[in-house]
Amino acid sequence: MRVLAAHPLRPPAAMPFRSDAAFSDAMASVYAHSRDSARAKLAPTDNPYALRPDTLAFLFDLLENLEPSGIVEFGCGESTRVFASWAAGRKASFVSLENDPAWIARLEQTIEKGARDSVSFVHAPLRMRRFGTRTFFTYDGLEELTTTISQATFFFLDGPHS
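Conventions we followed
- Residues numbered from 1 in each chain as written.
- Predicted model: local features only at pLDDT ≥ 70, side-chain atom pairs only at ≥ 80, totals over all residues.
- Heavy atoms only, no water.
- Pairing = 2+ DSSP bridges.
- Helix = DSSP H or I, 4+ residues; strand = E, 2+ residues; numbered from the N terminus.
- Axes fitted to C-alpha atoms, helices over the stretch in contact; angles between N-to-C directions.
- Core = buried A, V, L, I, M, F, W, Y, C linked by side-chain atoms within 4.5 Å.
- Buried < 20%, exposed > 50% of the residue type's maximum accessible area, 1.4 Å probe, protein only.
- Contact = heavy atoms within 4.5 Å.
- Phe/Tyr/Trp six-rings, centres within 6.5 Å; stacked < 30°, edge-to-face > 60°.
- Salt bridge = Lys/Arg side-chain N within 4 Å of Asp/Glu carboxyl O.

(A) Spotlight on the sheet that holds strand 1 (residues 70–74). Across the sheet, which stays open at both edges, the four strands sit in the order 3-2-1-6 with parallel pairing between neighbours. Where the open sheet ends on each side, the last strands, each with one partner, are strand 3 (120–123) and strand 6 (154–157). On average, each strand axis in the sheet is inclined to that of its neighbour by 15°, with strand direction left out of account. One ladder, built from four bridges, connects strand 2 (residues 93–98) with strand 3; its direction is parallel. Among the inter-strand pairings, Ser96 is bridged to a residue of strand 3, identified as Phe121.

(B) Spatial organisation of the pairing of strand 5 (residues 134–139). Strand direction decides the pairing type here: strand 4 (residues 126–131) and strand 5, joined by six bridges, are antiparallel. Along strand 5, the bridge assignment pairs Leu126 with Tyr139. Between strand 4 and the antiparallel strand that follows it, strand 5, lie two residues; Gly132 among them carries a positive phi value of about 65°.

(C) Structural context of the nonpolar core. Core analysis: the biggest nonpolar cluster contains 24 residues, and Ile71, Phe83, Phe94, Phe121 and Phe154 have the highest contact counts within it. Elements represented by at least two residues in this core include exactly helix 2 (53–66), helix 3 (78–90), helix 4 (101–110) and strand 6. No other element matches helix 2, which puts six residues into this core. Once residues lying within four places of it in the same chain are set aside, the contact partners of Phe83 are Leu59, Leu63, Ile71, Glu73, Phe94, Phe154 and Phe156. Counting nine residues, the second largest nonpolar core, distinct from the first, contains Val72, Phe74, Tyr139 and Ala152.

(D) Region of the structure containing the packing of aromatic side chains. Tallied over the full model, the rule gives four aromatic pairs. Taken together, a centroid distance of 5.8 Å and an interplanar angle of 75° make the contact between Phe83 and Phe94 edge-to-face. Placement of Phe83 in helix 3 and of Phe94 in strand 2 is noted, with a sequence separation of 11 residues between them. The exposure class of Phe94 is buried, given its relative accessible area of 1%. By the ring-pair criterion, three or more aromatic residues cluster together here, those being Phe83, Phe94, Phe154 and Phe156.

(E) Just the pattern of salt bridges, in detail. Tallied over the entire structure, the rule returns six salt bridges. A salt bridge links Glu108 to Arg116; its shortest N-O distance comes to 3.2 Å. Exposure remark for Arg116: the relative accessible area of 23% places this residue in the partly exposed category. A salt bridge links Asp140 to Arg127; its shortest N-O distance comes to 3.4 Å. Taken as a pair, Asp140 in the loop between strand 5 and helix 6 (146–151) and Arg127 in strand 4 lie far apart in primary sequence, 13 residues in all. What makes Asp140 partly exposed here is its relative accessible area of 35%. Bridged by salt links that share partners, the residues Arg127, Asp140 and Glu143 form one connected network.

All we've got here are geometric facts, nothing functional implied.
In structure tokens:
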């Protein structure tokens, strides 16, 4: 397991993922395949904050490679469509947290029916937190999702942006 260099005020943190040569080779293979796939060639959406098609293709191929049984996404968007579509075809659980109820409603209306049934949207308002001298936003109510989050095998962090 890889360990990050120590911060002067806290002990080193073990990285929660593999970083050996086999893992690096697998990631390079997934990236090469997704970069050349038809999904990567789709036109980007009109949303300037949305992930690009090549990134979405990479995420889909990564899911195909890792085959997670549970997905938790922090921040809804184009990735939500990818995760919902993938989870629907595999009976995997998928929970997506979002702070904007209007954005959740928009996605609920535009995701295909079969894929829509595979996602559990959670409205989680943002709250300001302070840690030491830093102030940042986090989702409110995460404590209530401890079981769901602890059972997930794939996490995607795309919010909040602060």
